[in-house]
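Report on the structure
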Amino acid sequence: MGAPGPIAVDIAGFRAAMARFPGAVTIITARHGTERRGITATAVCSVTADPPSLLVCVNTRTGTCAAIAETGRFAVNLLADPAAPLALRFAGAGGVAGEAKFAEGSWLSDSAGVPLLAEALVGISCDVTESVTAGSHQVFIGAIRDIRMGDGAPLVYEQARFHRLTPL
């Protein structure tokens, strides 16, 4: 008896299944010249502790993706649970785009000028070491060059809603 064949998966079914995977809500930022770019993302994860690295998946149609590809730098800002409005803003709610997204929140710059959210639970600055195109997204692997730590509980996204973590 052979191995089962591939199962046909439609996009709606895939999205419904992936919506069940809770994810930490982040804002991925980059800078290209004087222009800051950023998007909301849950597609962020560690790659290895030695050397410290992580990966982010960024839609290739965004200015953020272009800025990361051009400069080879990005930052990941882990949002605290009161930051849902900021997460929506960086997701493009209300038609806010480009530099206008940064009108909310308190923003700093890392040593390379990449935006870091002052009130983020964690801010991680990275240099791109590898990049792979995967369908509509670019997967950037970043070597971590700096970490800023804050306080609070993370904002989580699941089933198209924001959630707070509570201890069991």
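For the structure itself, look to the data block above.
Here goes a summary of the coordinates provided. (Residues numbered from 1 in each chain as written. Predicted model: local features only at pLDDT ≥ 70, side-chain atom pairs only at ≥ 80, totals over all residues. Heavy atoms only, no water.)

Helices and strands together make up the secondary structure of the protein chain, namely 3 helices and 12 strands. Whereas a compact globule of 168 residues would reach a radius of gyration of roughly 15 Å, the protein chain reaches 17 Å, a difference of no more than 12%. Dimensions of the protein chain along its principal axes, counting C-alpha atoms only, are 60 × 35 × 35 Å. Expressed as a percentage of its 168 residues, the buried residues of the protein chain come to 36%. Only carbon and sulfur atoms are counted for the fraction: they give 58% of the accessible area of the protein chain, which is about 9,700 Å². Charge centroids of the protein chain, computed over 13 positive and 14 negative side chains, lie 6 Å from each other. (Helix = DSSP H or I, 4+ residues; strand = E, 2+ residues; numbered from the N terminus. Rg over C-alpha atoms; globule rule 2.2 N^0.38 Å. Buried < 20%, exposed > 50% of the residue type's maximum accessible area, 1.4 Å probe, protein only. Areas by Shrake-Rupley, 256 points an atom, 1.4 Å probe, with all protein chains shown as cover. Lys, Arg positive; Asp, Glu negative; His and termini not counted. Charge placed at Lys NZ, Arg CZ, Asp CG, Glu CD.)

The next point concerns the side chain of Arg36. Relative to the elements of secondary structure, Arg36 occurs in strand β3 (residues 35-41). Within the local environment of Arg36, its side chain forms a polar contact with the side chain of Glu99, the two groups lying 2.4 Å apart. If sequence neighbours within four positions are ignored, Arg36 has contacts with Ala30, Arg31, Gly98, Glu99, Phe102, Trp107 and Pro115. (Polar contact = N/O pair within 3.5 Å; in protein donor to acceptor, adjacent residues only side chain to side chain. Contact = heavy atoms within 4.5 Å.)

Residues of helix α2 (residues 63-71) that are buried: Thr64, Cys65, Ala67 and Ile68. Seen along its axis, α2 keeps its buried residues to an arc of 165°; they face one direction. Residues Ala69 and Glu70 are exposed on α2 and point more than 90 degrees away from its buried face. In this structure, the buried side of α2 is in contact with β2 (26-32), β3, β5 (52-59), β6 (73-78), β9 (122-134) and β10 (137-149). Directly beyond the C-terminal end of α2, a positive phi value near 75° is found at Gly72. (Arc of directions from axis to C-beta.)

Let's shift gears to the pairing of β9. Note: β6 against β9, 6 bridges, orientation antiparallel. The residue bridging Arg73 from the neighbouring strand is Asp127, located in β9. Summarising the sheet, β9 and β10 pair through 12 bridges and their orientation is antiparallel. Bridge assignment links Asp127 to a residue of β10, and that residue is Ala143. Counting the residues between successive antiparallel strands, the hairpin from β9 to β10 contains 2 residues, one of them, Gly135, with a positive phi of roughly 60°. (Pairing = 2+ DSSP bridges.)

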